[in-house]
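# Per-entry structural report
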Amino acid sequence: VVHKEQLGLPARRAAVRLLYQVLREGKSFDDLFDHDCEHGLLRSFALRDRALVRKLTATTLRRHGQLVDAIDRYLKKPFPKGSGAAREILLIGAVQLLFLDTPPHAAIDLAVRSADLDRKARGFKGVINAVLRRVSENADTILAQQDAVNLNTAPWLMQRWTRTYGADTARQIGEAHLHEPSLDITTKGPPEEWIEQLQATLLATGSLRLASAGRIADLPGFDDGAWWVQDAAAALPARLLGDTAGRSVLDMCAAPGGKTAQLASAGAIVTALDISAARLKLVRENLTRLGLEATVVDADASRFQPATPPQFILLDAPCSATGTIRRHPDIPHIKEEGVFAELVPLQRRMLDHAVSLLPTGGVLVFCTCSLEPEEGEQHIASLLADGAPVSRRPIDASEVGGLGELITSAGDLRTLPCHLMHGEAALGGLDGFFAARLVKH
Ligand SMILES: C[S@@+](CC[C@H](N)C(=O)[O-])C[C@H]1O[C@@H](n2cnc3c(N)ncnc32)[C@H](O)[C@@H]1O
């Protein structure tokens, strides 16, 4: 007879291993998870168990500050070097006690069993057991005493957002990151046709929002290529190019292809560029599923020379991605302030090159999924101050479903994770994006 708790052991151990690789080796959770599902241990897992592994790991990353605070209340001294994954075992145990409603005896028992199977952590079984018992007994008090936003937001990010957006908004951004984001979908045809089948809400911007999704590939319309997954904010920049039907568009950083798909389905003649061959494979697969066409090119966006000048360019530049922490709670754990030193100059080189490729009257939309002004607003300010041959064509609220709060006084798009979180339109947030529209003169 297999005890019920034992069934969950492989999932806990997989979560511990993934968490260890993110926190100690700085690896991307999505990359690890996807690779594991294709080539690793998770391949043999049932879909339900994979979902459990994802939930355990992602919630631990999202609530890491609170979990560390809870554990450290009872851990008399830190684990020494060479104690294997003892700390991660404790975190995965604590997340179940504090946030995932796992029966305490099961969460504690599974943690102790996980430790028993880790040669280096085995010696800390007793400590793990004792700390988790205390966390479980005091769960309500711990949660009541904690400032979740402060504990779970990396200080360097909180400082930046406070500087940029003010203390109130910075806190609201941190608050938005505590919640699991909804699933947003962009449809190939009119979204209204899919509201009922997908049991979705139609946002003012035209995206469909699903409260709970289950497996994406099982949803109606997936196999027919009727829609693709794309955050509602991520769906805005490509539309800002305006009517591109029958016109040539260069999508300079295209993979995995969400914006390419929007442009192709709007009838544009798209050249989709990316420097990563592996990621371009995703663009091809997505286009095939959706029955859409684009010319896919493996090239460096800061040097690429098209045969003829494109009338429209979309530059969705690589960035720190701090606007997508809701969807990627590993970002604050694997990135640090140093990322800007490399990315900001690269973004500017790409921007300069994009401007040089445009013919007179050509339109460029520059965007990043970052909350940091160095990767957005400041690029446009310095480009214009440097006398680049472009002018800003301000974005109007009517182009983003009438949501005036998404448009800056300069006429750029600036979405925040806390947008659509409050009041009547409490629909569950947006990724943080910046976009500016420029015209060549
Ligand atoms: C923000 S993602 C693009 C997302 C995509 N536009 C979409 O909507 O699905 C940035 C992309 O830039 C690519 N990239 C990074 N450096 C590049 C370069 N020098 N030239 C072209 N692409 C580059 C990365 O491989 C990555 O796929």
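You'll find the structure just up there.
A quick note: this is a predicted structure, and the numbers were derived from the prediction, not measured. (Residues numbered from 1 in each chain as written. Predicted model: local features only at pLDDT ≥ 70, side-chain atom pairs only at ≥ 80, totals over all residues. Heavy atoms only, no water.)

## Considerations on the overall build of the protein
Helix and strand counts for the protein come out as 19 helices and 12 strands. Its C-alpha atoms give the protein principal-axis dimensions of roughly 70 × 45 × 45 Å. A total of 441 residues make up the protein; the buried ones form 52% of that total. Partitioning the intrachain contacts of the protein with sequence separation of at least 6 by distance along the chain shows that 70% fall at a separation of at least 24. Summed over its atoms, the accessible surface of the protein is roughly 19800 Å², and 51% of this surface lies on carbon and sulfur atoms. Distance between charge centroids for the protein: 7 Å, based on 49 positive and 53 negative side chains. (Helix = DSSP H or I, 4+ residues; strand = E, 2+ residues; numbered from the N terminus. Buried < 20%, exposed > 50% of the residue type's maximum accessible area, 1.4 Å probe, protein only. Contact = heavy atoms within 4.5 Å. Areas by Shrake-Rupley, 256 points an atom, 1.4 Å probe, with all protein chains shown as cover. Lys, Arg positive; Asp, Glu negative; His and termini not counted. Charge placed at Lys NZ, Arg CZ, Asp CG, Glu CD.)

## A look at the site of the ligand
Around the ligand sit 19 residues, and of these Cys253, Asp274, Arg279, Ala301 and Asp316 come closest. A distance of 3.2 Å separates an oxygen atom of the ligand from a polar backbone atom of Ala255. Here Arg279 contributes a side-chain N or O atom positioned 2.7 Å from an oxygen atom of the ligand. If the ligand stood free it would expose 600 Å²; the protein chains cover 86% of that surface. (Near = heavy atom within 4 Å. Polar contact = N/O pair within 3.5 Å; in protein donor to acceptor, adjacent residues only side chain to side chain.)

## A look at the side chain of Lys440
Structurally, Lys440 can be placed in strand β12 (residues 434-440). Buried within the structure, Lys440 lacks any salt-bridge partner; its nearest side chain of opposite charge belongs to Asp352, at an N-O separation of 11 Å. With near-sequence residues (within four places) excluded, Lys440 lies in contact with Val355, Ser356, Leu358, Pro359, Thr360, Gly361, Gly362, Pro389 and Val390. (Salt bridge = Lys/Arg side-chain N within 4 Å of Asp/Glu carboxyl O.)

## As for the pattern of salt bridges
Here the structure, examined in full by the defined rule, presents 30 salt bridges. In this structure, Glu25 and Lys27 form a salt bridge, with 3.1 Å as the shortest nitrogen-oxygen distance. Classification of Glu25 by relative accessible area gives partly exposed; the value is 41%. Linking Arg160 and Glu337 is a salt bridge whose minimum nitrogen-to-oxygen distance equals 3.0 Å. Here Arg160 is found in helix α11 (residues 155-165), whereas its partner Glu337 is found in the loop between α17 (331-334) and α18 (339-357), with 177 residues between them in sequence. Sharing partners across several salt bridges, the network here consists of Asp184, Arg209, Asp231, Arg326, Arg327 and Asp431.

## A closer look at the nonpolar core
Formed by 58 residues in total, the largest nonpolar core has its most connected members in Trp161, Ile173, Leu241, Leu263, Leu314, Leu406 and Leu413. If one sorts the elements of this core by residue count, α11 sits on top with five residues. Those residues in contact with Trp161 that lie beyond four places of it in its chain are Thr153, Gly166, Ala170, Ile173, His177, Thr322, Ile325, Leu371 and Glu372. Judged by nonpolar contacts, the second largest core, of 45 residues, contains Leu19, Phe45, Leu61 and Ala85. (Core = buried A, V, L, I, M, F, W, Y, C linked by side-chain atoms within 4.5 Å.)

## Overview of the packing of aromatic side chains
Enumeration over the complete set of coordinates arrives at five aromatic pairs. Arranged with centres 6.4 Å apart and planes meeting at 70°, the rings of Trp156 and Phe340 form a pair that is edge-to-face. Within this pair, whereas Trp156 is found in helix α11, its partner Phe340 is found in helix α18, the two being separated by 184 residues in sequence. The same class applies to Trp156 as to Phe340, namely buried. Positioned above the aromatic ring of Phe33, the side-chain terminus of Arg54 is 4.4 Å from the ring centre. Stacked on the ring of Phe222, the Lys or Arg Arg289 has its end atom at 4.0 Å from the ring centre. (Phe/Tyr/Trp six-rings, centres within 6.5 Å; stacked < 30°, edge-to-face > 60°. Lys NZ or Arg CZ within 6 Å of the ring centre and 35° of its normal.)

Read these as layout, nothing more, since geometry by itself doesn't imply function.
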